[in-house]
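Overview (structure and organization)
Take a look at the letters that make up each chain.
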Amino acid sequence: MDRRLSAIMFADVVGFSRMMSSDEAGTLARLKRFRRETFEPAVVAGGGRIVKLMGDGALAEFRSITEALLAATAIQEGTPQAADQPDASEPIQLRIGIHVGDVIVDGRDIYGDGVNVAARLEGLAPPGGIVVSATALEHVTTRLGLEVEDLGPQELKNIRRPIRACRVSLASGKPADTGTLDRDAPRSTRRPFIAVLPFANLSGDASQNYFVDGLSEDLIDALSCWRSFAVIARNSSFAFRGRDLDMRALGAALQARYVLAGSLRRSGDRIRVAARLTDAEENRQVWSGQFDRDLDDLFAIQDDISRRIAATVAPELEHAENLKSRRERRDLTAWDCYVRGLHAFNLETCEGYADARGEFEKAVERDPEFVDAWARLAWTHLRAMSEGCTDDREAAIEKSLHLVRHALEIDDASAVAHLCLGTAYVWSGMLEEGLAEAERALELNPNYAHAAMAVGNRMDLVGRSLEGIEHMQMGLQLNPRDPQHRWTYMIYLSRAHLSIGRLEAALDWVREAVALRPDHPDVHFRHAICLAHLDRADEAREALRKCEACRSGFLRTRRDWRPYRDEGRNNQIFLGLRTHGLLAAADRID
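What comes next concerns the included structure. (Residues numbered from 1 in each chain as written. Predicted model: local features only at pLDDT ≥ 70, side-chain atom pairs only at ≥ 80, totals over all residues. Heavy atoms only, no water.)

1. A few points about the overall build of the protein chain
For the protein chain, the count of helices and strands is 24 helices and 14 strands. With 590 residues in all, the protein chain has 56% of them scored as buried. For the protein chain, restricting intrachain contacts to residue pairs at least 6 apart in sequence, the fraction spanning at least 24 positions comes to 66%. Carbon together with sulfur atoms contributes 47% to the accessible area of the protein chain, which is approximately 25000 Å² in total. (Helix = DSSP H or I, 4+ residues; strand = E, 2+ residues; numbered from the N terminus. Buried < 20%, exposed > 50% of the residue type's maximum accessible area, 1.4 Å probe, protein only. Contact = heavy atoms within 4.5 Å. Areas by Shrake-Rupley, 256 points an atom, 1.4 Å probe, with all protein chains shown as cover.)

Pasting the structure below:
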């Protein structure tokens, strides 16, 4: 039988039988509308799936308890009140129970004690409320802006042991918050977050998707230059491509107050761009615009849209603060090659890096001053080397250093180039220099999620772990839903907590990474390290087995893993595995 650890949500409508007895048709219509407009979007936006609907009840599964709690609070906050009803009918209200546990998977359905506990906890919740097991709350490693009331051990029907339960609610009516920075401040003073969704391609030609994505990515870059608001990273916002979601639910999932969406239609040498900015908290459109231009005016459109949004969100800023290094280019063919290269680069495969290298080479051939194309070209060599696509490590590092230094000779204000240079330094063993370049990239673009993570990661590597953890959490805040890179942020955080003796926190972070990327050997390897430090040798051995199952021989490549400058910290990493005889047995895992 297929088993997995899941966060389980069970929801039930309050007083459904009573409402059906008085108005069957009206009640059913309200329930369907509620599911369509509130419940289902919140679950999907939270990264979960609806397992099944059962009359007035629903069972949903999430990869982490944090996602389940965020979805539950979004559902309860988005539930229509009586005043919002089109008539005087009784509004739909839910009770929600949440638990984390081992489940048996049978097709799309799930079974097990964890499901039963969540269903019983739901009955303890007040109308419009949420009850969570204390066991589940132990898995939450970030502040969510929730108030928790301990209900103590509860005897639940057909559950053998008492379950300690907690009632949770939004603190002071504020939205749930996964961040740790200035978003705890009052709305009037905190820095707003904006998410740019991938624009829709209305050209009727799927081959133009790359072009439309390129416009969206350029808008993210342009908006990121404004310092009075933050922009959610591309990989997080692009995870919601093609989903027809309620803006409130989408904003809650991305923790963004504003959402920019739009479309592009390309016909010959003309394009039409339509864009709209929505206040997701209030589900209210605050700006829209339509632009008909020749293709050679594309960069003027990007400038126009970014300035109008900035003027709407942060009117106190002057336009001069918007850095224009990329918008000053006018070679559309080079940009076309660049966005094709980005698409291939983001595939994160050996073939993708090779294809990206070819496109970036075309871009710099057509526009020799295209600094970010030079930087990305350099990065393809580092990525190919780190993913084992080439055996000549030294040649790859040397090539990347040569290319990225050329990029910085063209424009020393490129955050992408400075971060790439810092990455090459780290692979060369120059950790302090790598940290300095990441800090320079973050100074140039305070909204650059990968730079924030790199600063934190490298601070940890040189022994400044507490500062590093703070910066890595900032990176997570800027990039909250990234399906490609979020797991790497989590394993870096796990290693940092482990290095300063926070073993349970380290285990929590790596568990989230395992849930996101169970197909990657590195997450299981680090999971084994954390388990061994906690003397859970049998579980550590199983994690090592899963690691080798993902990629045979991976453990041998990690025998000499020495990420830290301090050799004592490097030795500490493997202490648990050595203590339980697991490191020496790594080659015999089967």
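2. Digging into the packing of aromatic side chains
Throughout the structure, instances matching the rule amount to eight aromatic pairs. Note on Tyr338 and Phe370: the rings are 4.8 Å apart at their centroids and 45° apart in plane angle, and the pair reads as tilted. You can see Tyr338 sitting in helix H10 (residues 332–345) and its partner Phe370 sitting in the loop between helix H11 (350–366) and helix H12 (371–386), a full 32 residues away along the chain. On the basis of relative accessible area, Tyr338 is assigned to the buried category, the value being 2%. Classification of Phe370 by relative accessible area gives buried; the value is 1%. Judged by centre distance (5.9 Å) and plane angle (65°), the ring pair of Phe525 and Trp561 falls under edge-to-face. Taken as a pair, Phe525 in helix H20 (residues 521–533) and Trp561 in the loop between helix H22 (554–557) and helix H23 (567–573) lie far apart in primary sequence, 36 residues in all. Residue class for Phe525 comes out buried when judged on its relative accessible area of 2%. (Phe/Tyr/Trp six-rings, centres within 6.5 Å; stacked < 30°, edge-to-face > 60°.)

3. Considerations on the pairing of strand E6 (residues 130–133)
Here E6 shows a buried face lined by Ile130 and Val132 and a second buried face lined by Val131 and Ser133. As defined by bridge partners, strand E4 (residues 94–106) adjoins E6 across three bridges and the pair is classed as parallel. Of the residues in E6, the one forming a bridge with Ile96 is Ile130. (Pairing = 2+ DSSP bridges.)

4. Side note on the side chain of Glu359
The residue Glu359 is located in helix H11 in this model. Overall, the relative accessible area of 17% leaves Glu359 in the buried class. Excluding residues within four positions of it along the chain, Glu359 makes contact with Cys337, Arg340 and Gly341.

5. With respect to the packing of helix H2 (residues 24–45) against helix H3 (residues 65–78)
It is the contact of H2 with H3, at a shortest axis distance of 8 Å, that shows an interaxial angle of 155°. Relative to H3, the element H2 is oriented roughly antiparallel. When you trace H2 past H3, the crossing you get is right-handed. Residues Phe34, Thr38, Phe39, Ala42 and Val43 of H2 form the contact with H3, whose participating residues are Ala71, Ala74, Ile75 and Gly78. (Axes fitted to C-alpha atoms, helices over the stretch in contact; angles between N-to-C directions. Parallel < 35°, antiparallel > 145°, perpendicular 65-115°, else oblique. Left-handed = near helix turned anticlockwise from the far one by under 90°.)

6. Section: helix H8 (residues 247–254)
For H8, the buried fraction is high: six of the eight residues fall into the buried class. Burial in H8 covers these residues: Met247, Ala249, Leu250, Gly251, Ala253 and Leu254. Looking at the residues trailing H8, positive phi occurs at Gln255, about 55°.

7. Thoughts on the state of the cysteines
Enumeration over the complete set of coordinates arrives at one disulfide. Paired by a disulfide, Cys350 and Cys389 hold their sulfur atoms 2.1 Å apart. Its S-S torsion of approximately -85° makes the covalent link between Cys350 and Cys389 left-handed. Remark: Cys389 occurs in the loop between H12 and helix H13 (393–410) and Cys350 occurs in helix H11; sequence separation between them is 39 residues. The class of Cys350 is partly exposed, set by a relative accessible area of 37%. (Disulfide = S-S within 2.5 Å.)

8. Things to note about the nonpolar core
Among the nonpolar cores identified, the biggest contains 132 residues, and Phe199, Leu260 and Phe525 are the most heavily contacted of them. In terms of residue count, H12 provides more of this core than any other element does, nine residues in total. Those residues in contact with Phe525, other than ones at most four positions away along the chain, are Leu544, Cys547, Phe554, Leu555, Arg558, Trp561 and Phe574. In this structure, Ala42, Ile75, Ala134 and Cys166 belong to the second largest nonpolar core, which totals 33 residues. (Core = buried A, V, L, I, M, F, W, Y, C linked by side-chain atoms within 4.5 Å.)

9. Digging into the environment of His450
With respect to the element layout, His450 can be found in helix H16 (residues 449–461). His450 sits in the partly exposed class, given a relative accessible area of 28%. The spacing of His450 and Leu478 is 28 residues in sequence and 8.9 Å in space, taken between C-alpha atoms. Ignoring anything within four residues of it in the chain, the contact list for His450 reads Asn235, Leu419, Asn479, Asp482, His485 and Tyr489.

10. Details of the environment of Val404
Relative to the helices and strands, Val404 is located in helix H13. The class of Val404 is buried, set by a relative accessible area of 0%. For the pair formed by Val404 and Val371, sequence separation is 33 residues and the distance between their alpha carbons is 8.7 Å. Beyond its immediate chain neighbours, meaning those up to four positions away, Val404 contacts Ala378, Ala417, Cys420 and Leu421.

11. What to know about a negative patch on the surface
A cluster of like negative charges, contributed by Asp391, Asp392, Glu394 and Glu398, occupies part of the molecular surface. Mapped onto the fold, Asp392 is located in the loop between H12 and H13. (Patch = residues over 30% accessible without salt bridge, like charges linked within 9 Å, V, L, I, M, F, W, Y side chains within 5 Å. Salt bridge = Lys/Arg side-chain N within 4 Å of Asp/Glu carboxyl O. Lys, Arg positive; Asp, Glu negative; His and termini not counted. Charge placed at Lys NZ, Arg CZ, Asp CG, Glu CD.)

12. Here we look at unusual backbone geometry
Here the phi dihedral of Asp535 falls at roughly 65°; this positive angle occurs in a residue that is not glycine. Within the secondary structure, Asp535 sits in the loop between H20 and helix H21 (537–550). Residue Asp535 is classed as exposed on the basis of its relative accessible area, which comes to 56%.

13. Structural notes on the packing of H13 against helix H14 (residues 415–427)
The contact between H13 and H14 brings their axes to 9 Å, and the two run at 155°. Considering their axes alone, H13 and H14 lie roughly antiparallel with respect to each other. Note that H13 runs across H14; the crossing there is left-handed. Here H13 contributes Arg393, Ile397, Ser400, Leu401, Val404, Arg405, Ala407 and Leu408 to the contact with H14, which in turn contributes Ala417, His418, Cys420, Leu421, Ala424, Tyr425 and Trp427. Grouping the constituent residues of the contact of H13 with H14 by class yields eleven nonpolar, two polar and two charged. (Nonpolar A, V, L, I, M, F, W, Y, C, P; charged D, E, K, R; others polar.)

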